[in-house]
Amino acid sequence: MYRQFIEQVLDVASAVARDKFGKVSTRYKESDPHQVLTEADTAIGKLLLRYTWVIDPIDGTSNFAAGLPHYGIMVLEDATPIAGGIALPAFGEIYSAQKGEGATCNGAPIHVAGNGGVAGRMLCYGIDADPAHPEVARAS
C-alpha cells in the first residue's frame, strides 16, 4: 500500500524534475549560502508537501543545477519509518521499500551486495558553496 503510493508520487515528481532539468537558474538560500536552490526544488516541494512525509525535493541540488544527472527525489514516511523511496529521474529509476516487504527498483526486487564492510562500498563526498562566499564552504 505505502510502496505503491510512494512510487506514484515519485513518478509525478520525476516528471517535474525532467521538465525543469537543464532549464533552471541557480540561487542560494538566503538563510544558508551553502545551499543551492532551484525552481525544481520549490515546485517538487510544493507537490510533495500535500502529504505527511519527510521529503527532499531535489537531493543533490548542486548536481542538478550544474546539469549533472546524479540527483534524486526522496520521500520517507514521517513518524515511524515504514516506507520510503527515491527517484532518479535522469535514469528512469524509482527505488522503494516497505517494512517487511524488501526493496525494489522499478518494481523488481533488489538486495544488498554481500561483500560486507565499508571497504567494499563506494563512498561519496561533496562540497556545496556559494561562489560569492568560497571561504564558508562546507562538506556534505
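All residue numbers refer to position in the chain's written sequence, counted from 1. Only residues with pLDDT of at least 70 get local features here, since the model is predicted, and only at 80 or more are side-chain atom pairs given and counted; chain-wide, interface and lining totals rely on the full set of residues. Computation of side-chain values: all heavy atoms of the structure, hydrogens and water removed.

Asker: Would you mind going over the nonpolar core in detail, with residue names and values included?
Answerer: Of all hydrophobic cores here, the largest spans 19 residues; its most connected members are L10, A17, I44, L48, I58, F64 and I73. Listing elements by their share of this core, those giving two or more residues are α1 (2–20), α2 (39–48), β3 (53–59), β4 (72–77) and β5 (83–88). With five residues, the top contributor of residues to this core is α1. Contact criterion: two residues are considered in contact whenever any of their non-hydrogen atoms come within 4.5 Å of each other. Apart from the residues lying within four places of it in its own chain, the contact partners of I73 are L10, A13, S14, A17, I44, L48, D56, P57, G85, I86, A87 and P89. In this description, a nonpolar core means a group of buried Ala, Val, Leu, Ile, Met, Phe, Trp, Tyr and Cys residues linked to one another through side-chain atoms lying within 4.5 Å. Relative accessibility decides the category of a residue: with a 1.4 Å probe and only protein chains considered, values under 20% of the type maximum give buried, values over 50% give exposed, and everything between is partly exposed. The numbering of helices and of strands both runs from the N terminus, where a helix is a DSSP run of H or I of at least 4 residues and a strand a run of E of at least 2.

Asker: Lay out the pattern of salt bridges in plain terms, naming residues and giving numbers.
Answerer: Counted as salt bridges are all cases of a side-chain nitrogen of Lys or Arg within 4 Å of a carboxyl oxygen of Asp or Glu. The full count for this structure, using the stated rule, is one salt bridge. The salt bridge partner of K23 is D19, with a shortest N-O separation of 3.8 Å. A residue is classified by how much of its surface remains accessible, and K23, at 60% relative accessible area, is exposed. By relative accessible area, which is 47% here, D19 ends up partly exposed.

Asker: Lay out α2 in plain terms, naming residues and giving numbers.
Answerer: Those residues of α2 lying buried are A40, D41, I44, G45, L47 and L48. Considered in projection along α2, the buried side chains sweep an arc of 160° and stay on one side of the axis. Each C-beta atom gives one direction from the helix axis, and the arc is the one those directions make.

Asker: Before we move on, can you summarise the pairing of strand β7 (residues 102–105) with the specific residues and values?
Answerer: Along any regular strand, the residues point their side chains to alternate faces of the sheet. Direction of pairing for strand β6 (residues 93–98) relative to β7: antiparallel, over a ladder of four bridges. Residue S96 lies in a different strand from β7, and its bridge partner there is T104. When DSSP finds two or more bridges between two strands, those strands count as paired. Of the pairings in the sheet, the one linking β7 to strand β8 (residues 108–110) comprises three bridges and is antiparallel in character. Within β8, the residue paired with C105 across the bridge is A108.

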